[in-house]
Amino acid sequence: MTVHLHWFLPTGGDGRTLVDRHAYASNAIGRARQADGVRAPDIEYLAQIAKAAEQLGFEAVLTPTGTWCEDAWLTTVALAQHTERLKFLVAFRPGVVSPTLAAQMAATYQRITRGRLLLNVVTGGDSAEQRRFGDHLGHDQRYARTDEFLSVVRGVWSGQPYDFDGSHYRIEGGLTALPPEPLPEIFFGGSSAAAGPVAARHADVYLTWGEPPAQVREKIDWIRSLAEREGRTVRFGIRLHSVSRDSSAAAWSTANRLLDDLDADTIAAAQSALGRSESVGQRRMLALHGGSRDELEISPNLWAGVGLVRGGAGTALVGSHAEVADRIQEYHALGIEHFVLSGYPHLEEAYWFGEGVIPVLAARGLLPQVPEPLPRTAAGGGAPLLVAGGR
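Notes on the structure follow. (Residues numbered from 1 in each chain as written. Predicted model: local features only at pLDDT ≥ 70, side-chain atom pairs only at ≥ 80, totals over all residues. Heavy atoms only, no water.)

### Thoughts on the overall build of the protein
A count of helical and extended segments in the protein gives 12 helices and 15 strands. For the protein, buried positions account for 57% of its 391 residues. Accessible area of the protein: about 16,000 Å², with a carbon and sulfur share of 50%. (Helix = DSSP H or I, 4+ residues; strand = E, 2+ residues; numbered from the N terminus. Buried < 20%, exposed > 50% of the residue type's maximum accessible area, 1.4 Å probe, protein only. Areas by Shrake-Rupley, 256 points an atom, 1.4 Å probe, with all protein chains shown as cover.)

Structure, rendered in structure tokens:
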């Protein structure tokens, strides 16, 4: 079992700060005010990150989904024209698109990109965000709908007319005339009791946020046992940030510097907003630090500082390249195959990880080989506008 490495595509913007883009008020003409060290998610900048990820040997890039991000389907299919082999882990919400249409979109995407689509199914843990898209179901109902949604998607991918009669979908003769080749792998996460059975029935890869190893082991055991009851095998992945440097001291200095622009009011406001989430996974992230700057290293080289102000993945691997590789090896020993990583800013941190940690992992036999470099090409940047966010 080797390690699969993925990077993050900040389609909500990027920067040298953890302060989320929501913190920047819009002016009279509806444009977010400019902040220092902040980069807009224009196609030129995102192409730089995608090309860097491909050059450095990452297998895929994850895109977020939601109000504050560019549309993941459209953005990534455009970026596929700027890359050659990089895959795109496209996040989307089942409740805002027909399952038959989603199956058709995936099939078209696979043909356009020659098989470079992976799917990240995001059921949604914030009712206010869901209502912006016209979705008024409660938390557990959303997972029940996702269960039906994925049943339909897999059914219509068969290439034969497919009927389905459920509580949320009634499909008559659903069909993807040209099924995707290959079928996209489905990544799925969720920490609630409602999420587990859905993962067991449908996920190819169960994706968890970066909790300490003991808690991750418990999740793996939980999902694995549920999948066994379904007669299935599920693989596992983890979503983490990364601050990797030539020395441990340099890495921790960088991590601590990310806290410099976070005052007590900013942290309190973010914690209040995040505390209203219905997501069990989000509550688990908040519990790791309790809103305090004290003792943010919650496990060796695992830092919870990101989660003070950022929703979703709130922990980072911090340390020397060898130390970060140690932690990846530790999670891998638990059964984690897929590592979805990110850092602030995403372009620079991709190089720190790719040139520092990837060779260490390869030397330890955790990667099949150091990927053959692609020819470097120049790419332009964009004017600062928004701050990074997403999943």
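Don't stop here, the text continues.
### Let's talk about the side chain of Thr315
Mapped onto the elements, Thr315 comes out in the loop between strand E13 (302–303) and strand E14 (316–320). From its side chain, Thr315 meets the backbone oxygen of Gly210 in a polar contact 2.6 Å long. Those residues in contact with Thr315, other than ones at most four positions away along the chain, are Gly210, Leu240, His241, Met285, Leu288, Ile298, Leu302, Trp303 and Ala304. (Polar contact = N/O pair within 3.5 Å; in protein donor to acceptor, adjacent residues only side chain to side chain. Contact = heavy atoms within 4.5 Å.)

### Some words on the pairing of E14
For E14, the buried fraction is high: 5 of the 5 residues fall into the buried class. Strand direction decides the pairing type here: strand E11 (residues 235–245) and E14, joined by 5 bridges, are parallel. Pairing of Val243 across the sheet is with Val318, part of E14. The pairing of E13 with E14 spans 2 bridges and is antiparallel. Counterpart to Leu302 in the pairing with E14 is Leu317. (Pairing = 2+ DSSP bridges.)

### Notes on the packing of helix H11 (residues 321–334) against helix H12 (residues 346–363)
The geometry of H11 relative to H12 is characterised by a closest axis approach of 9 Å and an angle of 60 degrees between their N-to-C directions. In terms of orientation, H11 lies oblique with respect to H12. The hand of the H11/H12 crossing is right-handed. The segment H11 lies against H12, with His321, Ala322, Val324, Ala325 and Ile328 engaging Trp352, Phe353, Gly356, Val357, Val360 and Leu361. (Axes fitted to C-alpha atoms, helices over the stretch in contact; angles between N-to-C directions. Parallel < 35°, antiparallel > 145°, perpendicular 65-115°, else oblique. Left-handed = near helix turned anticlockwise from the far one by under 90°.)

### Remarks on the environment of Pro197
Relative to the helices and strands, Pro197 is located in helix H6 (residues 195–202). For the pair Pro197 and Arg229, spaced 32 residues apart in the sequence, the C-alpha separation amounts to 9.7 Å.

### Comments concerning unusual backbone geometry
Cis peptide bonds are those with omega within 30 degrees of zero, and the linkage from Glu181 to Pro182 qualifies with 0 degrees. Within the secondary structure, Pro182 sits in the loop between strand E8 (170–174) and strand E9 (186–188). Here the amide bond leading from Tyr344 into Pro345 is cis, since omega sits at -10 degrees, within 30 degrees of zero. Looking at the secondary structure, you find Pro345 in the loop between strand E15 (336–342) and H12. If you check the backbone angles, Arg114 has positive phi at about 60 degrees while not being a glycine.

### Points about the pattern of salt bridges
This model, assessed by the stated rule, comprises 15 salt bridges. Residue Arg132 is joined to Glu129 by a salt bridge in which the shortest nitrogen-to-oxygen separation is 2.3 Å. One end of the pair is Arg132 and the other is Glu129, both in helix H4 (residues 127–132) and 3 residues apart, which spans about a single turn. Of the residues examined, Arg132 reaches a relative accessible area of 48% and is grouped as partly exposed. For Glu129, a relative accessible area of 6% translates into the label buried. Among the salt bridges present, the one from Asp135 reaches Arg145, with a minimum N-O distance of 2.5 Å. With Asp135 in the loop between H4 and helix H5 (139–156) and Arg145 in helix H5, the pair connects residues that are 10 residues apart, well separated along the chain. Take Asp135: its relative accessible area is 3%, and that puts it in the buried class. Residues joined in a network through salt bridges with shared partners are Arg93, Glu129 and Arg132. (Salt bridge = Lys/Arg side-chain N within 4 Å of Asp/Glu carboxyl O.)

### As for the nonpolar core
If you look at the biggest cluster of nonpolar residues, it comprises 76 residues, and the most contacted ones within it are Leu5, Trp7, Ile328, Tyr331, Phe339, Phe353 and Leu361. A per-element tally of this core places helix H1 (residues 43–56) first, with 8 residues. If we skip the residues at most four places from it in the chain, Leu5 touches Phe58, Glu59, Ala60, Phe339, Leu341, Phe353, Ile358, Leu361 and Leu367. By size, the runner-up hydrophobic cluster in this structure holds 23 residues, among which are Trp209, Trp252, Leu259 and Trp303. (Core = buried A, V, L, I, M, F, W, Y, C linked by side-chain atoms within 4.5 Å.)

### Notes on the packing of aromatic side chains
A full pass over the atoms with the stated rule returns 9 aromatic pairs. A centroid spacing of 5.2 Å and a plane angle of 40 degrees characterise the contact between Trp7 and Phe58, whose relative ring orientation is tilted. Separated by 51 residues along the polypeptide, Trp7 in strand E1 (residues 4–8) and Phe58 in the loop between H1 and strand E4 (60–63) bring together distant segments of the chain. In terms of burial, Trp7 and Phe58 fall into one category: buried. Grouped by ring-pair contacts, the aromatic residues Trp73, Phe92, Tyr109, Phe149 and Tyr169 constitute a single cluster. (Phe/Tyr/Trp six-rings, centres within 6.5 Å; stacked < 30°, edge-to-face > 60°.)

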